[in-house]
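Structural characterization, general
Here are the chains, one letter per residue:
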Amino acid sequence: MVQKNWHLCIPPVLTLLDDTFTIIRLRGLRVLGDLVVRIPSKILRQTGLGDVFEEVVIPTLLFLPELTPIEESISLLTSAYLALLSLGEARYSTKEEWINKMRFLDRVMRQGVLQGFIHSRDNVRIAELLVRQTINLFESMGIYSVKYLKASQETLPSRVISNKMHRTSCRLYLRSSQILSDCHILTFFWLQLRQHRR
């Protein structure tokens, strides 16, 4: 039903995503996550819908405290990252689209996670969420995440592990440690790959 009439769903979804009320925008993000998996990837690319959805959702990644109440921020960020990851999977479903998918995830990482760490200051709950999303993005990027090794190794210790945050959130400390561990593993394999290519 949705696959045949997807074009009828677009205007109301875009209206929901652009609403200033959190509860309405949140509903739009959740509907979008369900909708994009039902629209053929070819249509998302050829009609430009994928670009439209991306441009509408990306700004939500900066709905951070103190401008946005903490509970609303967590709900919006969680749904926005989930919707974007679903959009990436639906939009770039073939191996030929791999580089475009990496560019998309790169933007989510730069404009979402890294900017979030800069602007969220010492908010433990937001830091936990961003660390979770870093893990999700690294898993989606695979070896491409090697470009963020330096940023992750510099940002996480300064923002989390060496910060007072780790004394208030064991989960945050453990997840951050997991990312750093993955960074060391990726660094090792990246160096091995470069040596092999020589």
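Read on for a plain summary of the structure. (Residues numbered from 1 in each chain as written. Predicted model: local features only at pLDDT ≥ 70, side-chain atom pairs only at ≥ 80, totals over all residues. Heavy atoms only, no water.)

Ranked by internal contacts, the top residues of the largest apolar core, which has 45 residues, are L32, F53, Y81, L84 and V108. Elements with a contribution of two residues or more to this core: α1 (6–17), α2 (22–36), α4 (49–57), α5 (70–91), α6 (98–120) and α7 (124–141). A total of 10 residues in this core trace back to one element, the largest contributor, which is α5. Discounting residues that sit within four places of it in the chain, L32 has contacts with V13, L17, F53, V57 and A83. (Core = buried A, V, L, I, M, F, W, Y, C linked by side-chain atoms within 4.5 Å. Buried < 20%, exposed > 50% of the residue type's maximum accessible area, 1.4 Å probe, protein only. Helix = DSSP H or I, 4+ residues; strand = E, 2+ residues; numbered from the N terminus. Contact = heavy atoms within 4.5 Å.)

The subject of this paragraph is the pattern of salt bridges. Side chains that differ in charge, positive against negative, can pair when their charged atoms come close. All told, the structure shown has 8 salt bridges when counted by the stated rule. Two residues, R107 and E54, come together in a salt bridge whose shortest N-O distance is 2.8 Å. With R107 in helix α6 and E54 in helix α4, this residue pair connects regions lying 53 residues apart in the sequence. Classification of E54 as buried rests on a relative accessible area of 9%. Across the pair R110 and D106 runs a salt bridge whose closest N-O atoms are separated by 2.9 Å. Taken together, the residues span about one helical turn, with R110 and D106 both in helix α6 at a distance of 4 residues. Take D106: its relative accessible area is 8%, and that puts it in the buried class. Each member of the salt-bridge network shares a partner with another, and the members are D51, E54, E55, R91 and R107. (Salt bridge = Lys/Arg side-chain N within 4 Å of Asp/Glu carboxyl O.)

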